[in-house]
Amino acid sequence: MAAPPHALPSRLLAGCVWYLERRAVRDSPHKFMHLFRNVNKQWITFQHFTFLKRMYVTQLNRSLNQQVKPKPEPVASPFLEKTSSGQAKAEIYEMKPFSPSSLSLSRKPNKEEVIELESASIIEASIDVGKEVKDEKQWKEMKLHVDDLPGILARLSKIKLTALVVSTTAAGFALAPGPFDWFCFLLTSVGTGLASCAANSINQFFEVPFDSNMNRTKNRPLVRGQISPLLAVSFATCCAVPGVALLTWGVNPLTGALGVLNIFLYTCCYTPLKRISIANTWVGAVVGAIPPVMGWTAATGSLDAGAFLLGGILYSWQFPHFNALSWGLREDYSRGGYCMMSVTHPALCRRVALRHCLALIGLCTAAPLLDVTTWTFPAISLPINLYISYLGVRFYADADRKSSRKLFFCSLWHLPLLLLLMLTCKQPPGGESDKGDPQM
């Protein structure tokens, strides 16, 4: 049966729609895969960009670290490390974010990428600032000026300690019996001072690596590099040779021998023992007791009982003085590696200090028995001896910094006052001979 004429266009239109629908269904998977491939390619491009960016920053940091000459150290972030220079902080914020020109991007970076690029530029700037700060902290060559040399040599020779040594030597010379010879006294003082400067300089030369670890000694000239070790040894030699020569040929050979012995004990016995045994304190006390003996021998030319008495007073005085001082410096001595009683044997440190405080009373009582002073001296020296003994008892009982500080400061004025009292109560030249004369 033939189709009516008006039905043909509708059938043709339905066939075209069916063909197009069939074609669309068949081609839709290809279009979907093509779209997925485009998205996948776009995702790979972003990952590739991120990888290349990180590789660039890593290579840049590595090249900067290799340019540093000293040992490499991790550079802290500018957000964690405080920089002392305001200019350095300004440079961080003024740095423009870098964009690696070698990377060809197929699309415009988003906000996250811009933030990462800015952070990378800040990290790069912080590395430069950290490098500058590190260069400022490195050791630099210090130029020696002639105007600064006297002060440097004075600190190298421990001028205050040398002045104490010379004053005790002068006290021994003045307390010795016999007439007072000013020329001999001058030679003795100069020779003893030069010998003390030499011993102190050699001591600092040996202890440079250890003094750098202590707050008390880290500013010494050799530690800071203000002078060279060669100059320090040359200065010690220039002090030791004329000092010993003055004592030997200008005064007498016995005093010169005591000067050589003192330099040897201080530099070759006391200095190395400080890192080995607590016996260094007793050896150091012997070193401090020799100068008044040198003053006595310079005036008399012999070792008498009075010389040993003066040496004994200086020997006992040094224990409360040094033990109280070292008690407040226990952390420093431990950091420097020194073997001190206050660090290894704290109870012994306090006990020895108290023992020698009490010994000073007995030694002062023995002075008139040996015809060094009159009987007035034990009486007028008893109050200050009792006071330092009381502080020694407090130091032994409390074992704290406050009591040790009081004992140390007391020892600073106790010795000069004690020697001054001995001089005022010195036995008159005719006192000993008057005892043997028959009474008329």
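All of the points below concern the structure found in this document. Worth saying up front: this structure is predicted, and the values here are computed from it rather than measured. (Residues numbered from 1 in each chain as written. Predicted model: local features only at pLDDT ≥ 70, side-chain atom pairs only at ≥ 80, totals over all residues. Heavy atoms only, no water.)

### Considerations on the packing of helix 9 (residues 229-251) against helix 10 (residues 253-273)
Here is step 1 of the chain: Put simply, helix 9 and helix 10 touch, their axes get as near as 6 Å, and they point 155 degrees apart. Viewed along their axes, helix 9 and helix 10 adopt a mutual orientation that is roughly antiparallel. Residue-level inspection shows Ala240, Val244, Leu247, Thr248 and Val251 of helix 9 in contact with helix 10, the latter providing Pro253, Thr255, Gly256, Gly259, Val260 and Ile263.
Here is step 2 of the chain: Counted by class, the contact of helix 9 with helix 10 contains seven nonpolar, four polar and no charged residues. (Axes fitted to C-alpha atoms, helices over the stretch in contact; angles between N-to-C directions. Helix = DSSP H or I, 4+ residues; strand = E, 2+ residues; numbered from the N terminus. Parallel < 35°, antiparallel > 145°, perpendicular 65-115°, else oblique. Contact = heavy atoms within 4.5 Å. Nonpolar A, V, L, I, M, F, W, Y, C, P; charged D, E, K, R; others polar.)

### Section: the state of the cysteines
Here is step 1 of the chain: Under the definition given, this model contains zero disulfides.
Here is step 2 of the chain: With no disulfide partner, Cys410 has as its closest neighbouring cysteine sulfur the one in Cys357, 8.0 Å distant.
Here is step 3 of the chain: Given a relative accessible area of 2%, Cys410 falls into the buried group. (Disulfide = S-S within 2.5 Å. Buried < 20%, exposed > 50% of the residue type's maximum accessible area, 1.4 Å probe, protein only.)

### Describing the side chain of His321
Here is step 1 of the chain: Among the secondary structure elements, His321 is positioned in helix 12 (residues 305-327).
Here is step 2 of the chain: Take His321: its relative accessible area is 16%, and that puts it in the buried class.
Here is step 3 of the chain: Aside from chain neighbours lying at most four places away, what touches His321 is Phe408, Ser411 and Leu412.

### Re the nonpolar core
Side chains of a nonpolar character, in soluble globular proteins, are inclined to be buried together.
Here is step 1 of the chain: Residues Leu156, Trp296, Phe377 and Met422 are the most contacted members of the largest nonpolar core, which totals 55 residues.
Here is step 2 of the chain: Ranked by the residues each element gives to this core, the list is headed by helix 11 (residues 280-300), at eight residues.
Here is step 3 of the chain: Apart from residues no more than four positions distant in its own chain, Met422 is found in contact with Leu175, Leu310, Ile313, Val372, Thr373 and Phe377.
Here is step 4 of the chain: Judged by nonpolar contacts, the second largest core, of 17 residues, contains Ile278, Ala324, Cys357 and Ile388. (Core = buried A, V, L, I, M, F, W, Y, C linked by side-chain atoms within 4.5 Å.)

### Focus on a nonpolar patch on the surface
Here is step 1 of the chain: The grouping of Tyr387, Tyr390, Trp413, Leu417, Leu420 and Leu423 at the surface amounts to a nonpolar patch, some 570 Å² of accessible area in total.
Here is step 2 of the chain: Within the residue set of the nonpolar patch, elements represented by two or more residues are helix 16 (376-398) and helix 17 (401-424).
Here is step 3 of the chain: Looking at where Trp413 falls in the secondary structure, it is placed in helix 17. (Patch = residues over 30% accessible without salt bridge, like charges linked within 9 Å, V, L, I, M, F, W, Y side chains within 5 Å. Areas by Shrake-Rupley, 256 points an atom, 1.4 Å probe, with all protein chains shown as cover. Salt bridge = Lys/Arg side-chain N within 4 Å of Asp/Glu carboxyl O.)

### Examining the packing of aromatic side chains
Here is step 1 of the chain: Per the counting criterion, the structure on display carries 15 aromatic pairs.
Here is step 2 of the chain: For the pair Phe210 and Tyr338, a centre-to-centre distance of 6.2 Å together with 70 degrees between the ring planes defines the contact as edge-to-face. Remark: Tyr338 occurs in the loop between helix 13 (330-336) and helix 14 (341-344) and Phe210 occurs in helix 7 (residues 208-211); sequence separation between them is 128 residues.
Here is step 3 of the chain: Exposure remark for Tyr338: the relative accessible area of 4% places this residue in the buried category.
Here is step 4 of the chain: Taking the centre distance of 5.7 Å and the plane angle of 55 degrees together, the rings of Trp282 and Phe319 count as tilted. With Trp282 in helix 11 and Phe319 in helix 12, this residue pair connects regions lying 37 residues apart in the sequence.
Here is step 5 of the chain: Ring-pair connections join several aromatic residues into one group, and the members of that group are Phe173, Phe180, Trp182 and Phe185. (Phe/Tyr/Trp six-rings, centres within 6.5 Å; stacked < 30°, edge-to-face > 60°.)

### Section: helix 5 (residues 159-175)
Here is step 1 of the chain: The end-to-end C-alpha distance of helix 5, which contains 17 residues, comes to 24 Å, matching closely the 24 Å that a straight helix rising 1.5 Å per residue would cover.
Here is step 2 of the chain: Among all positions of helix 5, only Thr162, Val165, Thr168, Thr169, Ala170, Ala171, Gly172, Phe173 and Leu175 are buried.
Here is step 3 of the chain: Of the surrounding secondary structure, the elements contacted by the buried residues of helix 5 are helix 6 (182-206), helix 11, helix 12 and helix 17. (Expected span 1.5 Å × (residues − 1).)

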